[in-house]
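Survey of secondary and tertiary structure
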Amino acid sequence: MKENLNYKYCQLIVGPPGAGKTTFCKNMSRFLVSINKIPVLINLDPGNENKSSAKINICDLIFSREICSELHIGPNGAILFSMEFLEKNLDWFEKKFKKILKNTLHLFILIDLPGQIEIFTHHSSIRKLIFRIRKEKINLMSVI
């Protein structure tokens with residue numbers, strides 16, 4: 001049987017704060033490299049400062065700590081504000097995402113999401129992002 005050379009997979013990494021989402025992404029990337037696959041890390045957690053290897057990093061658009069100090073809100077409020085800001089700037093994400101897809105035939109995308117449950121229960125930001133990703137005909141799954 002021939003292997004499909006144009007495969008694209010995306011894992012949405014979901015879990016509460018401190019659950020190990022970033023550690024999972026780091027270790028999964030190592031594993032994928034060890035089996036000759038191409039991992040692409042996307043950081044959508046504006047509170048995560050440790051994503052220098054991310055191909056798309058929300059911290060390049062908005063940074064949670066700065067939001068906290070400028071708007072005098074707590075970390076959860078800053079995450080919600082950041083997700084709303086991302087939603088208003090989905091074109092920024094989509095442009096970078098399409099560039100990754102264009103330049104790579106087969107890849108495994110790992111999306112590290114914030115741990116605050118409110119972004120899934122009270123906002124449409126992540127849902128709209130998922131719909132944009134699905135338009136690209138990518139095999140999408142979540143890891144909880």
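So, here's what we can say about the structure.

Parameters and conventions
Residues numbered from 1 in each chain as written. Predicted model: local features only at pLDDT ≥ 70, side-chain atom pairs only at ≥ 80, totals over all residues. Heavy atoms only, no water. Disulfide = S-S within 2.5 Å. Pairing = 2+ DSSP bridges. Helix = DSSP H or I, 4+ residues; strand = E, 2+ residues; numbered from the N terminus. Contact = heavy atoms within 4.5 Å. Axes fitted to C-alpha atoms, helices over the stretch in contact; angles between N-to-C directions. Buried < 20%, exposed > 50% of the residue type's maximum accessible area, 1.4 Å probe, protein only. Salt bridge = Lys/Arg side-chain N within 4 Å of Asp/Glu carboxyl O. Polar contact = N/O pair within 3.5 Å; in protein donor to acceptor, adjacent residues only side chain to side chain.

It is worth spelling out the state of the cysteines at this point. Per the counting criterion, the structure on display carries zero disulfides. Free of any disulfide, C59 has its nearest neighbouring cysteine sulfur in C68, separated by 12 Å.

What follows covers the sheet that holds strand β3 (residues 56-57). The sheet built from five strands is open, its strands ordered β3-β2-β4-β1-β5 with parallel pairing. Bordering the open sheet on either side are β3 and β5 (139-143), each of which pairs with just one other strand. Sheet analysis places strand β1 (residues 8-13) next to strand β4 (residues 107-112), joined by six bridges and oriented parallel. Across the sheet, residue C10 finds its bridge partner in β4, namely I109. Packed on one face of the sheet, helix α6 (residues 125-134) meets β1, β4 and β5 and runs near 145° to β5.

Positioned with a positive phi, N36 is a non-glycine residue whose angle comes to about 60°. Looking at the secondary structure, you find N36 in the loop between α1 (21-34) and β2 (39-43). According to the relative accessible area criterion, N36 is exposed, its value standing at 69%. With a phi close to 55°, H72 is a non-glycine residue in the positive phi region. When you line up the elements, H72 lands in the loop between α2 (64-71) and α3 (75-88).

Turning our attention to the pattern of salt bridges. Considering all chains together, one arrives at five salt bridges under this definition. The partner of D91 in a salt bridge is R132, and the shortest N-O contact between them spans 3.5 Å. On the criterion of sequence distance, the pair formed by D91 in helix α4 (residues 90-103) and R132 in helix α6 is long-range, its members being 41 residues apart. You can call D91 exposed: its relative accessible area is 55%. On the basis of relative accessibility, which here comes to 23%, the residue R132 falls in the partly exposed class. In this structure, K98 engages E136 in a salt bridge whose closest nitrogen and oxygen atoms are separated by 3.8 Å. Of the two residues, K98 sits in helix α4 while E136 sits in the loop between α6 and β5, which places them 38 residues apart along the sequence. The partly exposed category is assigned to E136, whose relative accessible area is 25%.

With that out of the way, let us pick up the side chain of S125. Along the chain, S125 turns up in helix α6. A polar atom in the side chain of S125 sits 2.8 Å from the side chain of E87. Excluding residues within four positions of it along the chain, S125 makes contact with M83, E84 and E87.

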